[in-house]
Amino acid sequence: MSEEEMMEETSEEFIDEDGEKLPFAKAEVVRLMKENLDDDKMIRERVKVEMNKFLGDVLKNVCKQLNDYPYTTVEYEMLKESTYPYTNIERINQEKERILLHLEAIKADCNALAMDVQKTLKLKDVVEEDTFSFTAPSEEDEEE
């Protein structure tokens, strides 16, 4: 078999029972899923297919990032950088939580400062009444 034929054979997408094209051999994806799931878990057919498609999408996204490099050879460091969002998702989520908590603290500080400004720094030199209320004239007032 020539090298060209081998390339065509490996680049073909796998077809499942429903005639749907999948990027990877379904049996291999299912084997990997079963290795990482509890023994009592059963995997529905749709989950097997969607996992296969998801892994294909991840591969496409990583390759798009690798294509952004100006070099003709893909190096390991480039791969590490391109796969970072997938391999460090826990660290990314922790950092997101830390930032959100910090932003909440900043919001609380801003609200406290705004209240201080409203209470202590008046723009006018007039005394403002804190309990101003508007009452509509009654019928008795209109008759007079």
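Each remark here, short or long, concerns the structure printed above.
Residues numbered from 1 in each chain as written. Predicted model: local features only at pLDDT ≥ 70, side-chain atom pairs only at ≥ 80, totals over all residues. Heavy atoms only, no water.

### What to know about the overall build of the chain
Moving on, step 1. In terms of regular secondary structure, the chain is built from six helices and two strands.
Moving on, step 2. For the chain, the succession of helices and strands along the chain, N to C, is α-β-β-α-α-α-α-α.
Moving on, step 3. Within the span of the chain, comprising 144 residues, buried residues form 12% of the whole.
Moving on, step 4. Restricting to contacts in the chain with at least 6 residues of sequence separation, those with at least 24 account for 34%.
Moving on, step 5. Working note: accessible area of the chain is about 13,600 Å², and carbon and sulfur atoms make up 54% of it. (Helix = DSSP H or I, 4+ residues; strand = E, 2+ residues; numbered from the N terminus. Buried < 20%, exposed > 50% of the residue type's maximum accessible area, 1.4 Å probe, protein only. Contact = heavy atoms within 4.5 Å. Areas by Shrake-Rupley, 256 points an atom, 1.4 Å probe, with all protein chains shown as cover.)

### Regarding the packing of helix H3 (residues 45–67) against helix H4 (residues 76–87)
Moving on, step 1. At a closest axis distance of 9 Å, the pairing of H3 and H4 adopts a crossing angle of 135°. It follows that H3 is oblique to H4 by the angle criterion. The element H3 and its partner H4 pack so that their crossing is right-handed. Here Val58, Asn61, Val62, Gln65 and Leu66 of H3 come into contact with H4, specifically with Met78, Leu79, Ser82, Thr83 and Tyr86.
Moving on, step 2. Among the residues forming the contact of H3 with H4, the class breakdown is six nonpolar, four polar and no charged. (Axes fitted to C-alpha atoms, helices over the stretch in contact; angles between N-to-C directions. Parallel < 35°, antiparallel > 145°, perpendicular 65-115°, else oblique. Left-handed = near helix turned anticlockwise from the far one by under 90°. Nonpolar A, V, L, I, M, F, W, Y, C, P; charged D, E, K, R; others polar.)

### With respect to helix H2 (residues 26–36)
Moving on, step 1. For H2, the complete set of buried residues consists of Lys26, Val29, Val30 and Met33. The buried residues of H2 all sit within an arc of 95° when viewed along its axis, so they share a single face. When the buried face of H2 is taken as reference, the exposed residues oriented beyond 90 degrees from it are Ala27 and Glu35.
Moving on, step 2. Residues of H2 that are buried sit in contact with strand S2 (21–22) and H3. (Arc of directions from axis to C-beta.)

### As for the pattern of salt bridges
Moving on, step 1. Counted according to the given criterion, the structure contains seven salt bridges.
Moving on, step 2. Close ionic contact of Glu77 with Lys80 constitutes a salt bridge, the shortest N to O distance being 4.0 Å. Pair noted here: Glu77 and Lys80 are both in helix H4, with a separation of three residues, about one helical turn.
Moving on, step 3. Its salt-bridge partner being Arg98, residue Glu95 comes within 2.7 Å of it at the nearest N-O pair. One end of the pair, Glu95, and the other, Arg98, are both in helix H5 (residues 89–120), three residues apart, so they sit about a helical turn from each other.
Moving on, step 4. Judged by its relative accessible area of 36%, Glu95 is partly exposed.
Moving on, step 5. On the basis of relative accessibility, which here comes to 47%, the residue Arg98 falls in the partly exposed class. (Salt bridge = Lys/Arg side-chain N within 4 Å of Asp/Glu carboxyl O.)

### What to know about the side chain of Ser82
Moving on, step 1. Mapped onto the fold, Ser82 is located in helix H4.
Moving on, step 2. Beyond its immediate stretch of four places on either side in the chain, Ser82 contacts Val62, Gln65, Leu66 and Tyr69.

### Some remarks on the environment of Leu22
Moving on, step 1. Along the chain, Leu22 falls in strand S2.
Moving on, step 2. Under the relative-accessibility criterion, Leu22 is labelled buried at 1%.
Moving on, step 3. Between the C-alpha atoms of Leu22 and Leu55, which are 33 residues apart in sequence, the distance is 9.9 Å.

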